[in-house]
Amino acid sequence: RLIAQQKEECPRIFKQLQTCGRKEGHWIWWVCPTEMPGLCDPIESYVTRETVPGLFGEGTGEEEWKKVLELICDLLEEKGMDVLPEIDHGRIHYFIK
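Residues numbered from 1 in each chain as written. Predicted model: local features only at pLDDT ≥ 70, side-chain atom pairs only at ≥ 80, totals over all residues. Heavy atoms only, no water.

**Concerning helix 3 (residues 62-79)**
So, point 1. Relative to the 26 Å expected for 18 residues at 1.5 Å per residue, helix 3 spans 25 Å between its end C-alpha atoms, a close match to the ideal helical length.
So, point 2. Burial in helix 3 covers these residues: Trp 65, Val 68, Leu 71, Ile 72 and Leu 75. Take helix 3 and look down its axis: the buried residues cluster within an arc of 125°, on one side only. Seen from the buried face of helix 3, the exposed residues on the opposite side, beyond 90 degrees, are Glu 77 and Glu 78.
So, point 3. Looking at the packing, one finds that the buried side of helix 3 touches helix 1 (2-20), helix 2 (28-31) and helix 4 (89-96).
So, point 4. Downstream of helix 3 by one or two residues, Gly 80 has phi in the positive range, about 90°. (Helix = DSSP H or I, 4+ residues; strand = E, 2+ residues; numbered from the N terminus. Expected span 1.5 Å × (residues − 1). Buried < 20%, exposed > 50% of the residue type's maximum accessible area, 1.4 Å probe, protein only. Arc of directions from axis to C-beta. Contact = heavy atoms within 4.5 Å.)

Below, the structure is given as structure tokens:
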């Protein structure tokens, strides 16, 4: 379900980030998946060490997902942490970890 959600939502998320220059809306769970579902994630997505490799390769949303992550990094470098709401900082920490 997470792969389908990434394939569907990442192009929209990318456009939103380009247009607004910051995160708006509710989608961090699909861009920064962790081992814990987000409280408001409508598909209750999460990953495990065993399922993470399935997010990459043919038939996934890897390329669209990568574009979103790279744009977030660019925006953070350009504008600082205000690009992402503070409520998402914990999830991002565990995603990177």
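**Focus on the packing of aromatic side chains**
So, point 1. Going through the model one piece at a time under the given rule, you end up with three aromatic pairs.
So, point 2. With a centroid separation of 5.3 Å and 70° between ring planes, the pair formed by Trp 29 and Trp 30 is classed as edge-to-face. Just as Trp 29 is buried, Trp 30 falls in that class too.
So, point 3. Consider the rings of Trp 65 and Phe 95, whose centres lie 6.4 Å apart with planes at 55°: the pair is tilted. One end of the pair, Trp 65, is in helix 3; the other, Phe 95, is in helix 4, with 30 residues separating them in the sequence.
So, point 4. Accessibility expressed as a relative area gives 5% for Trp 65, which makes it buried. (Phe/Tyr/Trp six-rings, centres within 6.5 Å; stacked < 30°, edge-to-face > 60°.)

**Details of the environment of Trp 65**
So, point 1. Between the alpha carbons of Trp 65 and Gly 80 there is a distance of 21 Å; along the sequence they are 15 residues apart.
So, point 2. Not counting residues within four places of it along the chain, the set of residues in contact with Trp 65 comprises Gln 6, Cys 10, Trp 30, Val 31, Pro 33, Leu 55, Phe 56 and Phe 95.

**Details of the packing of helix 1 against helix 3**
The description of two packed helices rests on the angle between their axes and on the distance between the axes.
So, point 1. At a minimum axis distance of 8 Å, the contact between helix 1 and helix 3 shows a crossing angle of 25°. In terms of orientation, helix 1 lies roughly parallel with respect to helix 3. The way helix 1 lies across helix 3 gives a crossing that is left-handed. Listed contacts from helix 3 to Gln 6, Cys 10, Pro 11, Ile 13, Phe 14, Leu 17 and Gln 18 of helix 1 are Glu 64, Trp 65, Lys 67, Val 68, Leu 71, Ile 72 and Leu 75.
So, point 2. Among the residues making up the contact of helix 1 with helix 3, the classes are represented as 10 nonpolar, two polar and two charged. (Axes fitted to C-alpha atoms, helices over the stretch in contact; angles between N-to-C directions. Parallel < 35°, antiparallel > 145°, perpendicular 65-115°, else oblique. Left-handed = near helix turned anticlockwise from the far one by under 90°. Nonpolar A, V, L, I, M, F, W, Y, C, P; charged D, E, K, R; others polar.)

**A word on the nonpolar core**
Proteins that are soluble and globular tend to have nonpolar side chains buried together.
So, point 1. Ranked by size, the top nonpolar core spans 21 residues in total, and within it Leu 17, Trp 27, Val 31, Val 68 and Ile 72 carry the most contacts.
So, point 2. At the level of elements, helix 1, helix 2 and helix 3 are the ones that each hand at least two residues to this core.
So, point 3. Considering each element in turn, this core owes the most residues, five residues, to helix 3.
So, point 4. With near-sequence residues (within four places) excluded, Ile 72 lies in contact with Leu 17, Trp 27, Val 31 and Leu 84. (Core = buried A, V, L, I, M, F, W, Y, C linked by side-chain atoms within 4.5 Å.)

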